[in-house]
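# Tertiary structure, described
Here's the letter readout for the chains.
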Amino acid sequence: MKRYNKIIAATFFLYLGIAVFMYFFFHDKRTGEDLSYKVEINEIMQGLEKEGEFSKPDLRGKVHIKEVCFLPVEYGDKEAEYEAVEDVQAFYQNHNGVNMTVKPLVAGEKIVGYVRFDYVTGENSDVFLWTMEGLLLLVCALTLALLLYIRHKILGPFNALSEMPYELAKGHLSLELKESKSRFFGKFVWGIAMLRDTLKASRNNELRLEKEKKLLLLSISHDIKIPLSAIKLYAKALREGIYESERQKHDAALQIENKAHEIEEFVKEIVSTASEDIFTIEVENLEFYLKDYIDKVRECYETECRLVMTDLTIGRYENKLLKGDIDCAFEVMENLMDNAFKYGDGKKIAIDFYEEDYCQIISVYSTGNMVSENEMPHLFDSFYRGSNINNKAGNGLGLYINRQIMLKMGGDIFAKRQEGGMSFCLVYARAINEEY
């Protein structure tokens, strides 16, 4: 905001500078032109006296003389003399905005008439000067008014809104956004409000899951204590030789096995619950155009690939109407591109398109190390990471999330080992009401 205030101040001082320059420029020009109009009058009069009669002079090239009129002194009859009165009155009538002077026209030793010169001098440039100054002041006032309006109605509210992401990042989710009456940032405020509500829901869901998992762990730990205590008792009895017959020893070993199986079931329940509740993936099964999807990908990753010097190629495609959620579809592409940057060699990423069984296939290929054939069936399992990770950070959930999203959108995802890298293929169902 301080920089913007400097712009306002600079605009005002620029106006003052131009206004002062214009004043002194025209003032100097005016003072130098005060008597130059007489030179033009004398030139015209010399030409008329040389001819001995009045003829309309050529005023081209004359700066000060605007009009030349003639009033003869002789009239032939009384009616003409009556009309001469009106002519004389009109002849000597002053015109607004110009000065005038009257010179007698002499032919020989006789005055044949009078010549009137309408002229302007440097003094008349004051009108032009103050007109220009007024226009400049008006432009400056409008510019300053616009800048102040932008500061008050746009930059001021946006400056207040810009603090909201920082507060959300700190976990302050109870703050409310107040939209101004002008509603310049309606969509932005709506998006921030949605983000805040989503973070609130995520936090509440996280707290609920954490509470449920703690209760589950407490319950299962309590249930585990019973078979665990039995195992310890049977093991102690076997160690101290309490059982004498082989039959008793066999029964004790069988009890230990059964109790261990119970504990194993409890552990499976913990793992199953953890893997099922770790994600809540919501997908809106709508429709979207392939071009909108690819434009979003291109806008996001062309610059990033250029910065890391990775060759990104996007093949030709037809703008098909696909089933699914474009935001979730973009999340899938984000995970694939992130894997390509992280686990690829950074040389090339290629996105190609083809159709199969009325489905749109989008192939994302990246150069780098391939996973082994034995690892291929497990790529989309949760928490699974292939042998080509090269000590890169990760949690093995990206491809698992991708498969869950694609399945919920009625599609699928599969991987292929290709020469020099890996390829992941996204299968999208085309919309039934697609127009050709």
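Our structure's up above, just so we're on the same page.
Our next topic: the sheet that holds strand 2 (residues 99–107). Neighbouring strands of a sheet are bound in pairs by backbone hydrogen bonds; such pairs are parallel or else antiparallel. Ordered by their spatial adjacency, three strands build an open sheet running 1-3-2, and the pairing between neighbours is antiparallel. Each end of this open sheet is capped by a strand with a single partner; those strands are strand 1 (65–72) and strand 2. Taking each pair of neighbouring strands and ignoring which way they run, the sheet shows an average axis angle of 25°.

This part takes up the pattern of salt bridges. All told, the structure shown has 14 salt bridges when counted by the stated rule. Where Arg116 meets Asp118, a salt bridge forms, and the shortest distance between an N and an O atom there is 2.7 Å. Summarising the burial analysis for this pair, Arg116 and Asp118 share the class buried.

Right, let's talk about the nonpolar core for a bit. Ranked by size, the top nonpolar core spans 41 residues in total, and within it Tyr293, Met333, Ile362, Leu379, Leu426 and Tyr428 carry the most contacts. Sort the elements by how many residues they give to this core and helix 9 (residues 326–343) lands first, with eight residues. In contact with Tyr428, other than residues within four places in its own chain, are Phe288, Tyr293, Leu322, Lys323, Ala329, Cys359, Gln360, Ile362, Met406 and Met409. Tyr37, Ile41, Ile65 and Phe117 belong to the second largest nonpolar core, which has eleven residues in total.

Taking 1.5 Å per residue, 18 residues should reach 26 Å; helix 8 (residues 290–307) reaches 26 Å between its end C-alpha atoms and fits that length. Approximately 35° is the largest bend angle found in helix 8, and it occurs at Tyr301.

Attention now goes to the state of the cysteines. In this structure the tally under the stated criterion is zero disulfides. Cys305 takes part in no disulfide bond, and the closest cysteine sulfur, belonging to Cys300, lies 9.4 Å away. Here Cys305 falls in the buried class, since its relative accessible area comes to 0%.

Thresholds, definitions, all that
- Residues numbered from 1 in each chain as written.
- Predicted model: local features only at pLDDT ≥ 70, side-chain atom pairs only at ≥ 80, totals over all residues.
- Heavy atoms only, no water.
- Pairing = 2+ DSSP bridges.
- Helix = DSSP H or I, 4+ residues; strand = E, 2+ residues; numbered from the N terminus.
- Axes fitted to C-alpha atoms, helices over the stretch in contact; angles between N-to-C directions.
- Salt bridge = Lys/Arg side-chain N within 4 Å of Asp/Glu carboxyl O.
- Buried < 20%, exposed > 50% of the residue type's maximum accessible area, 1.4 Å probe, protein only.
- Core = buried A, V, L, I, M, F, W, Y, C linked by side-chain atoms within 4.5 Å.
- Contact = heavy atoms within 4.5 Å.
- Expected span 1.5 Å × (residues − 1).
- Bend = angle between axes of the 7 residues up to and from the residue.
- Disulfide = S-S within 2.5 Å.

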